[in-house]
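The chain contents come next:
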Amino acid sequence: QQQVKQSPQSLIVQKGGISIINCAYENTAFDYFPWYQQFPGKGPALLIAIRPDVSEKKEGRFTISFNKSAKQFSLHIMDSQPGDSATYFCAASTARGYSTLTFGKGTMLLVSP
Amino acid sequence: GAGVSQSPSNKVTEKGKDVELRCDPISGHTALYWYRQRLGQGLEFLIYFQGNSAPDKSGLPSDRFSAERTGESVSTLTIQRTQQEDSAVYLCASRKTGGYNTGELFFGEGSRLTVL
């Protein structure tokens, strides 16, 4: 019930391409879905987050698509750049209290020049 | 700086020794979390402190792990009788609570623990 499944485990995209990372969850009580970006040797940092009252949220080149009925959400990175190469984690929690974020296992993205 | 500070950044220890990891959260952040990140794995929740409430210890993997927090400041994570499977990066995060709260966790750079 607490698990968040993330795929793919790794992804190679050419510069300018679209990177797509998918996550699925089981716990219907989850209502807060953030994505974190982690560079080597650094802690994760919040990239973008969505609540289930909207189906899409866009910030610059980053878009979250959310499908409540399928219990899935995804991150799209448009016009991917080498500087986007990092590990991306999806996560979920109940917004009430935000007590514990459950993270996916991460996707290592490499954007080739 | 104004971010979450963790120390030591690297710790190498021998199996069976005790280790202490320290986290200094962002000032004013009442919520504090410890996560464990094994190589190539996701972030595994360990423990959560929120103000003066009893901590949520549900993620601690064994009784060799414990954590303390003094008020709303520094936290220490202690691992007793370390085992090789404890080798990981231990990440601390803090979060602002009350008022307008986005739920964002601010992570430190982690303490990399290697147990030989």
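Just above sits the structure.
### Some details on the sheet that holds strand E8 (residues 72–77) of chain A
Adjacent strands of a sheet form backbone hydrogen bonds with each other and so pair up, either parallel or antiparallel.
Residue and element names in this part refer to chain A.
Then, number 1: Taken in spatial order, the five strands line up as E1-E3-E8-E7-E6 in an open sheet, and their pairing is antiparallel. Sheet topology places strand E1 (4–7) and strand E6 (56–59) at the edges, where each strand pairs with a single neighbour. In this sheet, adjacent strand axes meet at a mean angle of 15° when their direction is disregarded.
Then, number 2: Looking at chain direction, strand E3 (residues 19–25) and E8 are connected through six bridges and run antiparallel. Of the residues in E8, the one forming a bridge with Asn22 is Ser74.

### Topic: the interface of chain A and chain B
Then, number 1: On the chain B side, the residues contacting the 18 residues of chain A number 20 residues.
Then, number 2: Here chain A and chain B share an interface that buries about 1500 Å² over both sides, 50% of which is from carbon and sulfur atoms.
Then, number 3: Inspection of the chain A/chain B interface yields one salt bridge.
Then, number 4: The closest approach of N and O atoms between Glu109 of chain B and Lys42 of chain A, which form a salt bridge, is 2.9 Å.
Then, number 5: The interface formed by chain A and chain B holds five residue pairs in polar contact (both at pLDDT 80 or more) in total.
Then, number 6: In the side of chain A that touches chain B, the residues fall into eight nonpolar, seven polar and three charged.

About the thresholds
- Residues numbered from 1 in each chain as written.
- Chains lettered and ligands numbered in written order.
- Predicted model: local features only at pLDDT ≥ 70, side-chain atom pairs only at ≥ 80, totals over all residues.
- Heavy atoms only, no water.
- Pairing = 2+ DSSP bridges.
- Helix = DSSP H or I, 4+ residues; strand = E, 2+ residues; numbered from the N terminus.
- Axes fitted to C-alpha atoms, helices over the stretch in contact; angles between N-to-C directions.
- Contact = heavy atoms within 4.5 Å.
- Buried area = accessible area lost by both parts, 1.4 Å probe.
- Salt bridge = Lys/Arg side-chain N within 4 Å of Asp/Glu carboxyl O.
- Polar contact = N/O pair within 3.5 Å; in protein donor to acceptor, adjacent residues only side chain to side chain.
- Nonpolar A, V, L, I, M, F, W, Y, C, P; charged D, E, K, R; others polar.

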